[in-house]
Amino acid sequence: PGRRRRRRRRRRALVTGGPCGAFQAFSLFVKAREVPAAGRCPAGGEGVRWRCCRQAFEELPGIHRHVALQHAGDIGRQAGLTTDAGQRAGLPAEQAAAEASPSSGPVPVGGADGLNGHSCGTPEITCTLPDTSRVSYDDLTSKVGEVLLYYCYCEVKDPEKLCSWQKALCQHLHLTGKVRVASEGINGTVGGSKVATSLYIEVMLSQPLFKDILCQEDFKSSAGGAHCFPDLRVGVFKEIVPMGIDPKLVSYKETGIHLSPQEFHREVEQYLSQASQGQSDTILLDCRNFYESKIGHFQGCLAPDIRKFSYFPSYVDENLELFKDKRVLMYCTGGIRCERGSAYLRSKAVCREVYQLKGGIHKYLEEFPDGFYRGKLFVFDDRYAICSNEDIISACRYCGTLWDQYKLCSSQHCRQLVLTCPSCHNKGLTACCPVCQEKELKVTSRASGQTLKEECECTRRRPRVPIERVLQRMLDAGK
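The model shown is predicted, which means the values in this text are computed figures rather than measured ones.

## Quick notes on the overall build of the protein chain
Check the secondary structure of the protein chain and you find 20 helices and 19 strands. Considering the protein chain as a whole, with its 479 residues, one finds that 49% of them fall into the buried category. In the protein chain, of all internal contacts separated by at least 6 residues, the share reaching a separation of at least 24 is 68%. Only carbon and sulfur atoms are counted for the fraction: they give 50% of the accessible area of the protein chain, which is about 23,400 Å².

## Observations concerning the packing of aromatic side chains
Tallying each qualifying case throughout the model produces 15 aromatic pairs. Summarising the aromatic geometry, the rings of Tyr151 and Tyr153 are spaced 5.9 Å apart at their centres and angled 70° between planes, so their arrangement reads as edge-to-face. You can call Tyr153 buried: its relative accessible area is 9%. Relative to Phe380, the ring of Phe378 lies with its centre 5.1 Å away and its plane at 80°, an arrangement referred to as edge-to-face. On the basis of relative accessibility, which here comes to 39%, the residue Phe380 falls in the partly exposed class.

## A word on helix H10 (residues 194-206)
The end-to-end C-alpha separation of H10 is 18 Å, in line with the 18 Å expected for 13 residues at 1.5 Å each. On its buried face, H10 sits against strand E4 (128-129), helix H8 (137-140), strand E5 (145-153), helix H9 (159-172) and strand E7 (185-193).

## Points about unusual backbone geometry
Phi is positive for His174, close to 60°, though the residue is something other than glycine. As for its position among the elements, His174 is in the loop between H9 and strand E6 (176-182). Residue class for His174 comes out partly exposed when judged on its relative accessible area of 23%. For Tyr384, which is not glycine, the phi torsion reads 70° and is therefore positive. Note that Tyr384 resides in the loop between strand E16 (377-378) and strand E17 (385-386).

## A few points about the sheet that holds strand E9 (residues 232-236)
Taken together, five strands build an open sheet; the order of strands is E8-E5-E7-E6-E9 and the sheet is mixed. Unpaired on one side and paired on the other, strand E8 (220-224) and E9 mark the two borders of the sheet. Going from strand to strand, the sheet's axes swing by 10° on average, the running direction of each strand aside. Examined bridge by bridge, E6 and E9 share five bridges and lie parallel to one another. Pairing of Lys178 across the sheet is with Arg233, part of E9. Along the sheet, helix H15 (residues 336-347) makes contact with E5 and E7, crossing E5 at roughly 25°.

## Details of the layout of surface pockets
Taken as a whole, the second largest pocket holds about 390 Å³ of empty space. Along the walls of the second largest pocket sit 20 residues, with Tyr151, Asp218, Glu339, Lys358 and Gly359 positioned nearest its centre. Of all the elements in the fold, those that place two or more residues in the lining of the second largest pocket are E5 and helix H16 (360-367). The element best represented in the lining of the second largest pocket is E5, accounting for three residues. Residues that form the lining of the second largest pocket fall into these classes: eight nonpolar, five polar and seven charged. Residue-level mapping places the lining of the second largest pocket at the junction of two domains, with at least three residues from each of domain 2 (140-236) and domain 3 (257-386).

What counts, and at which threshold
Residues numbered from 1 in each chain as written. Predicted model: local features only at pLDDT ≥ 70, side-chain atom pairs only at ≥ 80, totals over all residues. Heavy atoms only, no water. Helix = DSSP H or I, 4+ residues; strand = E, 2+ residues; numbered from the N terminus. Buried < 20%, exposed > 50% of the residue type's maximum accessible area, 1.4 Å probe, protein only. Contact = heavy atoms within 4.5 Å. Areas by Shrake-Rupley, 256 points an atom, 1.4 Å probe, with all protein chains shown as cover. Phe/Tyr/Trp six-rings, centres within 6.5 Å; stacked < 30°, edge-to-face > 60°. Expected span 1.5 Å × (residues − 1). Pairing = 2+ DSSP bridges. Axes fitted to C-alpha atoms, helices over the stretch in contact; angles between N-to-C directions. 1 Å grid on protein atoms, 1.4 Å probe; cavity = no way out; pocket = protein on both sides within 12 Å on 5 of 7 lines; lining within 4 Å. Points joined across faces, edges and corners; volume = space filled by probe spheres on them. Nonpolar A, V, L, I, M, F, W, Y, C, P; charged D, E, K, R; others polar. Domains from an automatic or database assignment.

Geometry only, nothing functional implied.
In structure tokens:
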């Protein structure tokens, strides 16, 4: 025990070795994770040369990337503990290298992203990664999992560093998906195993930046996993939801009144009752895009025929008379579009009251799967839609039979979604419109692989910002 205490004191007395010391510590860390030549087969396959965090690596760049991303904080703390320094402290080379192994607690992020393992330049951001040493690799990467949808509006002083931490966190947990970071907050939809998503939520809730703002109920989940997204995309943007309006001009702080799913359900029930008698002073407004509301929406809603949320402000501007002196009930997928959308509508000072569904359709369906929302819920991943009831409210683009499963237009130049039933699909009707169908044949015959700009009948015929002439069709839908 005495010798161990003396060794610990000598190790603490060591000074940081600078860039050279950091390089040697990195090399020792990698060296310590080599699989002995005799054990490379059959232990992990003939090509496996390193093992770390229950992962196998065959190439040197692979283990280097892993160590730089996941263990830079540990190496930084041990940068002065080179082989010579370690031996001066009474340690053999192998033990000196082992001193750089991950701790049992959260792993600080550092290294290439410019994070120092303690803070991201602001006291409210803690850049740590959860400990996964007690979780099996199979459980962490299981294909049976879920997709999380969440957002948090808050003031972020350094979006770049929050972005770097998010990217490291998602990679550490083998999550895929999309995360948008801005000075106004964070918006994410990520997929992975249930172990991984559970750890993700736990770390997010412990992040001081989101304290007293983000809570467990803010995470909407649905069956899925990492396979629901092609990759991981994390970036810094001006807005966490692209409405195209500077957040300084229309802030999330000026949002409408939030209604719980129960409160919203009662409001919709009352609205439909009054609308059936032609007495309603309320508009039930769908803030989503036309292809989302096409396969699922609330009964009696007004669903703008817009292709992007960035068109929503123009839609409001062109239809101010429609909203004049009305009570507006707004909803979207998870609630985030309503935050900025309701703020924009309120800024026009024409509505009597503006309300929004807290948690969006996601949370409403958890409590009212057979409520006033009919059809599927569109989601922005490879599933395209999730369901809570058996209703099909949309039809095949070609034959008109009931159908609500989207596929991408088969034409290489187009990224539109198309509803084509199995029968029509088998006939080769796989494009979103005749124009695309014809172009597909030309592109296929040319076999050039050239990607052309989207230009099809669907887009050309749809006005960018539709003008609602009358309210009667909305009332008819309510009946």
